[in-house]
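Coordinate inspection notes
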Amino acid sequence: MTDGKLALIFFEIGLVLTLVSCVLGPFGIDEWAIACAVTAGFLGFLGIFLGISSWNEPDEPIDAAETEEDKAE
């Protein structure tokens, strides 16, 4: 798994935890809402760090067989 894919996964999990925090807060479940928000912030920052560090990585490796098929066409 590349850093870019891992960054996207961390960011998406952080987004889900943020939404959970936004739902739990108005219902008075403050401890869980704060815990979800803190965890979401940490995962979001980790996702941003991994995304920036993998900025120059190629998206997907190119197979030699695919390039030969493209040349044949």
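Residues numbered from 1 in each chain as written. Predicted model: local features only at pLDDT ≥ 70, side-chain atom pairs only at ≥ 80, totals over all residues. Heavy atoms only, no water.

1. Points about the overall build of the chain
What counts is decided by this rule: Secondary structure is summarised from DSSP: a helix means a run of H or I of at least four residues, a strand means a run of E of at least two, and numbering begins at the N terminus for each. Note on contacts: a residue pair qualifies if any of its non-hydrogen atoms lie within 4.5 Å across the two residues.
Summing up its helical and strand segments, the chain has three helices and zero strands in all. Reading the chain from its N terminus to its C terminus gives the helix and strand order α-α-α. In the chain, the share of contacts with a sequence separation of at least 24, taken over all contacts with a separation of at least 6, comes to 62%.

2. A short note on helix H2 (residues 30-53)
Put simply, the rule reads: To estimate how far a helix should reach, multiply one less than its number of residues by 1.5 Å. Partly exposed describes any residue whose relative accessible area lies between the buried limit of under 20% and the exposed limit of over 50%, with all areas from a 1.4 Å probe on protein chains only and scaled to the type maximum.
The terminal C-alpha atoms of H2 lie 34 Å apart, and with 24 residues this matches the ideal 34 Å at 1.5 Å per residue to within 8%. The set of residues buried in H2 consists of Ala-33, Cys-36, Ala-40, Leu-43, Gly-44, Gly-47 and Leu-50. At its buried positions, H2 is contacted by helix H1 (3-24).

3. Here we look at the side chain of Ser-54
The cut-off we apply is this: Polar contacts here mean pairs of N or O atoms no more than 3.5 Å apart (in protein, one a potential hydrogen donor and the other a potential acceptor; neighbouring residues in sequence count only if both atoms are side-chain atoms).
Of note, Ser-54 is situated in the loop between H2 and helix H3 (64-72). From its side chain, Ser-54 meets the backbone oxygen of Leu-50 in a polar contact 2.9 Å long. Not counting the four nearest positions on each side in its chain, Ser-54 is found in contact with Asp-3 and Gly-4.

4. A few points about the packing of H1 against H2
Selection criterion: Axis definition: a line fitted to C-alpha atoms, limited for helices to the stretch in contact. Angles are taken between N-to-C directions and run from 0 to 180 degrees. Here the angle decides the label: under 35 degrees means roughly parallel, over 145 means roughly antiparallel, 65 to 115 means roughly perpendicular, and every other value means oblique. The handedness criterion is simple: a crossing whose near helix is rotated anticlockwise from the far helix by less than a right angle is left-handed, and one whose near helix is rotated clockwise is right-handed. Each residue is assigned to one of three groups, with Ala, Val, Leu, Ile, Met, Phe, Trp, Tyr, Cys and Pro labelled nonpolar, Asp, Glu, Lys and Arg labelled charged, and all others, Gly among them, labelled polar.
Close contact between H1 and H2 brings their axes to 7 Å; oriented N to C, the two are set at 160°. As the angle between them shows, H1 and H2 are arranged roughly antiparallel. When you trace H1 past H2, the crossing you get is left-handed. Here H1 contributes Asp-3, Leu-6, Ala-7, Phe-10, Phe-11, Ile-13, Gly-14, Leu-17, Thr-18, Val-20, Ser-21 and Leu-24 to the contact with H2, which in turn contributes Trp-32, Ala-33, Cys-36, Ala-37, Thr-39, Ala-40, Leu-43, Leu-46, Gly-47, Leu-50, Gly-51 and Ser-53. In the contact of H1 with H2, the residues fall into 16 nonpolar, seven polar and one charged.

5. Describing the environment of Lys-5
Residue placement: Lys-5 occurs in helix H1. Distance from Lys-5 to Leu-50, taken between C-alpha atoms, is 9.1 Å for residues 45 residues apart in sequence.

Geometric values such as these leave the question of function open.
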